[in-house]
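Listed below, chain by chain, are the residues.
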There are 2 protein chains.
Amino acid sequence: MGLILALDFGGTKLTAAVADTAVYHTGELIWQAHKRVYSPADGDAHYDLVTMAALAQELLAGERATAVGVSFGGPADFHTGLVRLSHHVAGWEEMPLQQHLADIFAAPVHIDNDANVAALGEWLFGAGQGVGDLLYITVSTGVGGGWILGGRTYRGHNGMAGEIGHTAVDPDGPLCLCGKQGCVERLASGPYMAADWLAAQHKGAMAITGQEVAALAAQGDEGAARILMRGAWALGVGIGNAANLMNPQRVILGGGVTKAGELWWETVRQTAHQTALPQVQFDIVPAALGDDAPLWGAVALVGNG
Amino acid sequence: MGLILALDFGGTKLTAAVADTAVYHTGELIWQAHKRVYSPADGDAHYDLVTMAALAQELLAGERATAVGVSFGGPADFHTGLVRLSHHVAGWEEMPLQQHLADIFAAPVHIDNDANVAALGEWLFGAGQGVGDLLYITVSTGVGGGWILGGRTYRGHNGMAGEIGHTAVDPDGPLCLCGKQGCVERLASGPYMAADWLAAQHKGAMAITGQEVAALAAQGDEGAARILMRGAWALGVGIGNAANLMNPQRVILGGGVTKAGELWWETVRQTAHQTALPQVQFDIVPAALGDDAPLWGAVALVGNG
């Protein structure tokens, strides 16, 4: 019996929660407390750390955490405990986050990037329960992935496994910031789909989101529907290729773009199964944990790290 | 101290060898004996089994094998010990090969498909020694792969992992027998490259091999060079995609097409590293074990199964 502190450094928001260690036996996650703040636009790593520490201390209310699990929204290394950088907040470069938190909370700390953490959370508490080999993919502002193989997080040689967003599916596709043409992320992520719709409308100065593209498609806008379905196709090819390579039992999709409707899901599923060989068995299901996925995953990381 | 029987059902040839169990300590594989026969065109599974058993008994010369390792050139299931089918020889459908061999040799038998077995062989005895996570790819009459992750064979949910040949890299590419356009195997395997060269020359009735396409390219035939380099490009994209997904430390390439020359290798390497994100670290090296790879792998399978 003890308290697990779960922290989510989400880029634009900071969330902390406290759970009971009984969760590993009951499978039921009962938050003792749960608190979220939004980062100011001019925040930095120091601000985030101090704010998160204050949030957590308030939740713990004088109790001690048995262990701390951390989801970081960017490249973070489980083995070294270092954050490589944040794409959203300044000052995170080579930050020893694990060490800082261990000093603050005087408890063992496990950190990992949000895709690996979400994969672990879905595996232990969500849509991947009982599944030995799975690929979790978030389709949101970017497209990222995390592997659970043989019931453990698989991170690869230097911690870069899971980058399905930058697998290439069309050599004649549009150019991605990564320098390649036709990456899954370039075609299937929200901001890129929004940018492509705006470019097609010659509305360069406007700003819309991937969700709005999906809404436009649902309202019958043909250009929006074409862009959305091209994204679903690209993601489907990426998933089918991953299935041929790794034959996971299940692929779990989370993130805002997965709310784009039934036709989007059908296109992803159909393309993925057409791309995979007929003998390669897998299914594609929605994530179960929603916005709290990183926190559930952080709790799972403590039990599985 | 004991004898390991290594068997290679290679489709068109049957090979048996006997090694000393000391190999696992010394790392040096000293064949006690080694024998190969070529299957007749009208052979079947029964012929292959009887012939292989006779070969092995002759090699064993009355001694008993401590264990038997088997490489099968086609879909074979490590866990059930069943051969699913052979693409070359009739009568293999759902054959309980492991059970038949256990009955014949009264010893524990491990079977697996040739790509997984070769990956294991390269890992224990060849170009992958000391590498925790690797992808072995054979580029030959087909393009197949095998994974070693965390020092063990990774087979996937229903034993289909490693099918890099049927990952798709160009939606506008030529049609593969698998039903998709622009698979790695459709573009990079020997027979498909040969067929494309013949089609471009309007020489439908001739028969040439992938090696001859490579030889023509080396002699300055521009059409042959274009086809060969397109194959190298496709394989490079497939490897780069696999690297983004799994971040293996090393990719090992074996098979006849890898003898196509330095420009082919350069194109594969350059394309793979351009496709992978810059942070994804891996190298691409030639296989070390040559034609005996399945036998070395069969010995490794006994020690690692």
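Residues numbered from 1 in each chain as written. Chains lettered and ligands numbered in written order. Predicted model: local features only at pLDDT ≥ 70, side-chain atom pairs only at ≥ 80, totals over all residues.

### As for the overall build of chain A
Moving on, step 1. A tally of regular secondary structure across chain A gives 10 helices and 10 strands.
Moving on, step 2. For chain A, whose C-alpha radius of gyration is 19 Å, the value lies close to the compact-globule estimate of 19 Å for 305 residues.
Moving on, step 3. Going through the 305 residues of chain A one by one, you find that 52% of them count as buried.
Moving on, step 4. Sequence separation of at least 24 residues holds for 65% of the intrachain contacts in chain A that already meet a minimum separation of 6. (Helix = DSSP H or I, 4+ residues; strand = E, 2+ residues; numbered from the N terminus. Rg over C-alpha atoms; globule rule 2.2 N^0.38 Å. Buried ≥ 20, exposed ≤ 12 C-beta atoms within 10 Å, placed from the backbone. Contact = placed C-beta atoms within 7 Å.)

### Focus on the relation of the copies chain B and chain A
Moving on, step 1. Its rotation angle being 180°, the transformation that places chain B on chain A also includes 0.0 Å of axial translation and leaves an RMSD of 0.0 Å. Each copy turns onto its partner about a two-fold axis. (Least-squares fit on C-alpha atoms with pLDDT ≥ 70 in both.)

### Re the interface of chain B and chain A
Moving on, step 1. In this complex, chain B contributes 35 residues to the contact, which on the side of chain A involves 34 residues.
Moving on, step 2. Per-element tally for the side of chain B that touches chain A: the top contributor is helix α8 (residues 222-246) of chain B, with six residues.
Moving on, step 3. In the side of chain B that touches chain A, the residues fall into 17 nonpolar, 13 polar and five charged. (Nonpolar A, V, L, I, M, F, W, Y, C, P; charged D, E, K, R; others polar.)

### Overview of helix α9 (residues 262-275) of chain A
Every α-helix winds through 3.6 residues per turn, so residues three or four apart in the chain are directed the same way.
Residue and element names in this part refer to chain A.
Moving on, step 1. Spanning 14 residues, α9 covers 20 Å between terminal C-alpha atoms, matching the ideal 20 Å at 1.5 Å per step.
Moving on, step 2. Buried residues of α9: W264, V268, T271, A272 and T275, and no others. Down the axis, α9 shows its buried residues gathered within 100° of arc, on one side only.
Moving on, step 3. The secondary structure elements touched by the buried residues of α9 are α8 (222-246) and β10 (283-286). (Expected span 1.5 Å × (residues − 1). Arc of directions from axis to C-beta.)

### Focus: the domain arrangement of chain A
Residues and elements named next belong to chain A.
Moving on, step 1. Its domain assignment divides chain A into domain 1 (3-120 + 291-304) and domain 2 (130-287).
Moving on, step 2. Computed from C-alpha coordinates alone, the two centres of domain 1 and domain 2 are separated by 27 Å.
Moving on, step 3. Contact residues are listed per partner, giving nine residues for domain 1 and 14 residues for domain 2.
Moving on, step 4. With five residues, the single largest contributor to the side of domain 1 that touches domain 2 is helix α4 (residues 114-125). (Domains from an automatic or database assignment.)

### Quick look at the sheet that holds strand β8 (residues 152-154) of chain B
Residues and elements named next belong to chain B.
Moving on, step 1. Judged by pairing direction, the sheet is mixed, and its five strands sit side by side in the order β8-β7-β6-β9-β10 without closing on themselves. Whereas interior strands pair on both sides, the edge strands pair on one side only; in this sheet they are β8 and β10 (283-286). The sheet shows a mean angle of 30° between the axes of neighbouring strands, taken without regard to direction.
Moving on, step 2. In this structure, strand β9 (residues 250-254) lies alongside β10, joined through four bridges in parallel fashion. When the bridges of β10 are listed, V251 appears paired with I284.
Moving on, step 3. Along the sheet, helix α4 (residues 114-125) makes contact with β6 (134-139), β7 (143-149), β8 and β9, crossing β7 at roughly 50°. (Pairing = 2+ DSSP bridges. Axes fitted to C-alpha atoms, helices over the stretch in contact; angles between N-to-C directions.)

### Points about the packing of helix α6 (residues 190-200) of chain B against helix α7 (residues 210-218) of chain B
Residue and element names in this part refer to chain B.
Moving on, step 1. Where α6 contacts α7, the two axes come as close as 7 Å, and the packing angle between them is 60°. The pairing of α6 with α7 is recorded here as oblique in orientation. Counting all contacts with α6, which are made through G190, P191, M193, A194 and W197, the residues of α7 involved are G210, Q211, E212 and V213.
Moving on, step 2. Class assignment for the residues of the contact of α6 with α7 results in five nonpolar, three polar and one charged. (Parallel < 35°, antiparallel > 145°, perpendicular 65-115°, else oblique.)

### Let's talk about the packing of α7(B) against α8(B)
In a packed pair of helices, the relevant descriptors are the angle between the two axes and the axis-to-axis distance.
Residue and element names in this part refer to chain B.
Moving on, step 1. Following both chains from N to C, one finds α7 and α8 inclined at 120°, their axes separated by 7 Å at the closest point. Relative to α8, the element α7 is oriented oblique. When you trace α7 past α8, the crossing you get is left-handed. Each of V213, A214, L216 and A217 in α7 lies in contact with α8, whose residues at this interface are A224, A225, I227 and L228.
Moving on, step 2. Looking at side-chain class alone, the contact of α7 with α8 contains eight nonpolar, no polar and no charged residues. (Left-handed = near helix turned anticlockwise from the far one by under 90°.)

### Things to note about α6(B)
Moving on, step 1. Buried within α6(B) are the following residues: G190(B), Y192(B), M193(B), A194(B), D196(B) and W197(B).
Moving on, step 2. In the stretch just after α6(B), H202(B) is the one whose phi turns positive, near 55°.

### Here we look at the environment of L55(B)
All names here are of chain B.
Moving on, step 1. Mapped onto the elements, L55 comes out in helix α2 (residues 45-60).
Moving on, step 2. In this structure, the C-alpha to C-alpha distance between L55 and A17, residues 38 residues apart in sequence, is 8.9 Å.
Moving on, step 3. For L55, the residues in contact, after removing those within four places along its chain, are L14, A16, K35 and V37.

### Details of the sheet that holds strand β7 (residues 143-149) of chain A
Residue and element names in this part refer to chain A.
Moving on, step 1. The strand order across the open sheet built from five strands is β8-β7-β6-β9-β10, with neighbouring strands paired in mixed fashion. The open sheet has two edge strands, β8 (152-154) and β10, and neither has a second partner. The average angle at which neighbouring strand axes cross in this sheet is 30°, direction not considered.

### Topic: unusual backbone geometry
As a rule of thumb, non-glycine residues mostly have phi less than zero, and peptide bonds are mostly trans rather than cis.
All names here are of chain B.
Moving on, step 1. Its identity is not glycine, yet A61 carries a phi of approximately 50°, on the positive side.
Moving on, step 2. Tracing the backbone shows A61 in the loop between α2 and β4 (67-72).
Moving on, step 3. A61 gets classed as exposed once you count the C-beta atoms within 10 Å, which come to 9.
Moving on, step 4. A positive phi angle, close to 55°, is found at E94, a residue other than glycine.
Moving on, step 5. Position of E94 among the secondary structure elements: in the loop between β4 and α3 (97-105).

### Some points on the environment of V285(A)
Residue and element names in this part refer to chain A.
Moving on, step 1. Note on placement: V285 falls in strand β10.
Moving on, step 2. By the C-beta count within 10 Å, which is 17 here, V285 ends up partly exposed.
Moving on, step 3. C-alpha separation for the pair V285 and L120, spaced 165 residues apart in sequence, amounts to 15 Å.
Moving on, step 4. Filtering out sequence-adjacent residues up to four positions away, V285 remains in contact with A127, R250 and I252.

### What about the pairing of strand β5 (residues 109-113) of chain A?
Residue and element names in this part refer to chain A.
Moving on, step 1. The buried fraction of β5 amounts to five of the five residues, a majority that puts the element mostly inside the structure.
Moving on, step 2. Side chains of β5 alternate between two faces, with V109, I111 and N113 and H110 and D112 buried alike.
Moving on, step 3. Across five bridges, the pairing between strand β4 (residues 67-72) and β5 is parallel. For V68, the partnering residue across the bridge sits in β5 and is V109.

### Focus on the pairing of β9(B)
All names here are of chain B.
Moving on, step 1. Counted residue by residue, β9 has five buried out of five residues, so it is predominantly covered.
Moving on, step 2. Of the two faces of β9, the one carrying R250, I252 and G254 and the one carrying V251 and L253 are both buried.
Moving on, step 3. As paired strands, β6 and β9 are joined by five bridges and run parallel to one another. In the strand pairing of β9, L134 is matched with R250.
Moving on, step 4. Once you follow β9 into helix α9 (residues 262-275) and on to β10, the crossover reads as right-handed. (Right-handed = clockwise from strand over helix to strand, strands pointing away.)

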